[in-house]
Amino acid sequence: MLIVLCTDAITYANESIKESLIESLKKLNEQGIDILFVTNGSKPIWFDSSFQGTNIKFVQAGFFSTARQQSNFLPAVADYYKIQTYEIIVLAVKPEDLQMGKNGKGVVVEAGWIKNRHIQGKGIKATTPDDFVRIIQLVSTWTGGWYWVANQEKFSIQVLSDLSSHNKPIKQRTFSKFLTKIVKEGGPTLNSILATTSQS
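Along each chain, numbering runs from 1 in the same order as the chain's sequence is written. Only residues with pLDDT of at least 70 get local features here, since the model is predicted, and only at 80 or more are side-chain atom pairs given and counted; chain-wide, interface and lining totals rely on the full set of residues. The basis for every side-chain value is the complete set of non-hydrogen atoms in the structure, without hydrogens or water.

**Q** Can you walk me through the pairing of strand β2 (residues 34-39) in this structure?
**A** For a regular strand, side chains alternate in direction, first toward one face of the sheet and then toward the other. The buried label applies to any residue whose accessible area, calculated with a 1.4 Å probe on protein chains only, is under 20% of its type's maximum; exposed applies above 50%, and partly exposed to all values in between. Secondary structure counts use DSSP, requiring at least four H or I residues in a row for a helix and at least two E residues in a row for a strand, with both numbered from the N terminus. For β2, the tally of buried residues reaches five of six residues, placing the bulk of the element in the interior. Any two strands with at least two DSSP-identified bridges between them are counted as paired. Pairing between β2 and strand β3 (residues 57-60): four bridges, direction parallel. Across the sheet, Leu36 pairs through a bridge with Lys57, a residue of β3.

See the structure below:
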């Protein structure tokens, strides 16, 4: 299971990005990714009209008995959903989001389209909402462990994937094809690999 946790991603987006971001989040939700909007305050006025007919949820941080910047917030969310904190992806648009993600040991993805100097370079960067979708799609296909591990006295090697498809289960083949495509294309989607390895 994977949860994308957002706070003010829509509020901080300019008008040209806002609709694209809403559609990107809906697309992820349709693909089975849980999306939670969490704030310490009340539900934003745009929420219901933007996400009507979806399973995207708004939750006040107090539901989890703690403020979202506290180190026990993401563990409380993870405990409620019976997942690990590294299965929570925090879409960061401001410093409080970084606090929430890093203090709670989640995976932080910077909303690069916001261009907030206080968060730049402090998370895995998604340049556009479409990039964010690609990052989440790759992370969601990962089986949750290293394909191969070798531990030596002075170093260790972890292999993310066997890129061959011969005699591999369908989930491993799907992940391998997606990973190969991203490496060949280069560009910002290589951040997907960083997000995936950050979960380990």
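Read on, since the account is not over.
**Q** Can you help me understand the environment of Val109 in this one?
**A** By the secondary structure assignment, Val109 is in strand β5 (residues 107-111). Residue classification places Val109 among the buried residues on the basis of a relative accessible area of 0%. Residue contacts for Val109: discarding those within four places in its chain leaves Ile89, Val90, Leu91, Ala92, Ile124, Ala126, Phe132 and Ile135. Two residues qualify as a contact provided that any one of their heavy atoms is within 4.5 Å of a heavy atom in the partner residue.

**Q** What exactly am I supposed to notice about the packing of helix α2 (residues 15-30) against helix α6 (residues 129-141) here?
**A** Geometry of a packed helix pair, given as the angle between the helix axes and the separation of the axes. Here the axes come from fitting lines to C-alpha atoms, over the contacting stretch only for helices, and the angles between their N-to-C directions go from 0 to 180 degrees. Between α2 and α6, the least distance of the axes is 9 Å, while the angle of their chain directions is 15°. The angle between the axes of α2 and α6 places the two elements in the roughly parallel class. Judged by the sense of rotation from one axis to the other, the crossing of α2 with α6 is right-handed. Across the interface between the two elements, Ile17, Ser20, Leu21, Ser24, Leu25, Lys27 and Leu28 from α2 touch Pro129, Asp130, Phe132, Val133, Ile136 and Gln137 from α6. Tallied by class, residues from the contact of α2 with α6 come to eight nonpolar, three polar and two charged. Any angle that falls under 35 degrees is termed roughly parallel, while one over 145 is termed roughly antiparallel, one within 65 to 115 roughly perpendicular, and all others oblique. If you view the pair so one helix is near and one far, a crossing is left-handed when the near helix is turned anticlockwise from the far one by less than a right angle, and right-handed when it is turned clockwise. Each residue gets one label: Ala, Val, Leu, Ile, Met, Phe, Trp, Tyr, Cys and Pro are nonpolar, Asp, Glu, Lys and Arg are charged, and the others, such as Gly, are polar.

**Q** So what exactly am I meant to see when it comes to the confidence of the model for the protein here?
**A** Atom-level detail of predicted coordinates should not be read off regions where pLDDT is low. Residue-level confidence of the predictor is what pLDDT reports, using numbers from 0 through 100. Per-residue confidence for the protein gives a mean pLDDT of 80; residues scoring 70 or more make up 83%. Per-element mean pLDDT across the protein ranges from 56 in helix α8 (residues 191-198) up to 92 in strand β1 (residues 3-6).

**Q** When you look at the pattern of salt bridges in this model, what are you seeing that I'm missing?
**A** Only one rule defines a salt bridge in this text: a Lys or Arg side-chain nitrogen within 4 Å of an Asp or Glu carboxyl oxygen. Inspection of the entire model under this criterion finds three salt bridges. Taking the shortest distance from any N to any O, the salt bridge between Lys26 and Glu23 comes out at 3.7 Å. Taken together, the residues span about one helical turn, with Lys26 and Glu23 both in helix α2 at a distance of three residues. Overall, Glu23 belongs to the partly exposed group, its relative accessible area being 40%. Note that Asp131 is salt-bridged to Arg134, the shortest N-O span being 2.4 Å. Of this pair, Asp131 and Arg134 both sit in helix α6, three residues apart, roughly one helical turn.

**Q** It is not clear to me how the pairing of β1 should be interpreted in this structure. Could you clarify?
**A** Side chains of β1 alternate between two faces, with Ile3 and Leu5 and Val4 and Cys6 buried alike. Sheet analysis places β1 next to β2, joined by four bridges and oriented parallel. Bridge assignment links Cys6 to a residue of β2, and that residue is Phe37. Note that β1 and strand β4 (residues 88-92) share three bridges and pair parallel. Bridge pairing in β4 links Val4 to Ile89.

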